[in-house]
Amino acid sequence: MHEKKQDGHRRSALWAALALAAAVLALLAVWRLLAPRGAAGEKHLTVEVVHGDGSVREFALDTDEACLGPALVAGGVVEDNQGPYGLYILTADGETAREAAQEWWRITRDGEAVNTGADSTPIAGGEHYELTFTVGYDGI
């Protein structure tokens, strides 16, 4: 009798694990279907780099990249610093953020926060981006 009870618990646990795996796969499929995508093709965009001292340098980029990260690297705006999740902007226009001092580069499009990483931010022609040297992680 004790063995039958254990066997039933094992089956229940197996079915629960299979159901969880199926749910995870379904959510992953929905995410991939709905994730923002850029389109390849020639486009022009403007990127402003706002340095720690407040000075601003504007870059005009002509690119056929679909996402912002590769366009920034190819245009010489940022150094190519690949992390486990794609481009990690540490140096922009020659200025390097020091992580130990909570310095980092904020990406915005027309002053609005971009909620994706540089490599997954789709771009379209005529857009305007800002890379702003930022200190502190409060209010992110």
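Because the structure is a prediction, the values reported are computed rather than measured. (Residues numbered from 1 in each chain as written. Predicted model: local features only at pLDDT ≥ 70, side-chain atom pairs only at ≥ 80, totals over all residues. Heavy atoms only, no water.)

Caption draft 1: Region of interest: the packing of aromatic side chains. Summed over all chains, the structure comprises 1 aromatic pair. Ring centres of Trp-105 and Phe-133 lie 5.3 Å apart, and the angle between their planes is 75°; this geometry places the pair in the edge-to-face category. Taken together, the positions of Trp-105 in strand S7 (residues 103-109) and Phe-133 in strand S9 (residues 128-135) put the pair 28 residues apart, joining distant regions of the chain. We note that Trp-105, like Phe-133, is buried. (Phe/Tyr/Trp six-rings, centres within 6.5 Å; stacked < 30°, edge-to-face > 60°. Helix = DSSP H or I, 4+ residues; strand = E, 2+ residues; numbered from the N terminus. Buried < 20%, exposed > 50% of the residue type's maximum accessible area, 1.4 Å probe, protein only.)

Caption draft 2: Local environment of the pattern of salt bridges. Summed over all chains, the structure comprises 2 salt bridges. With a shortest N-O distance of 2.6 Å, Asp-93 and Arg-57 are connected by a salt bridge. Residue Asp-93 is located in the loop between strand S5 (91-92) and strand S6 (95-96), and its partner Arg-57 is located in strand S2 (residues 56-63); the two are separated by 36 residues in the primary sequence. Here Arg-98 and Glu-103 are joined by a salt bridge, their closest N and O atoms 3.0 Å apart. Given the relative accessible area of 52%, Arg-98 is considered exposed. (Salt bridge = Lys/Arg side-chain N within 4 Å of Asp/Glu carboxyl O.)

The values reported here are purely geometric and, on their own, carry no functional implication.
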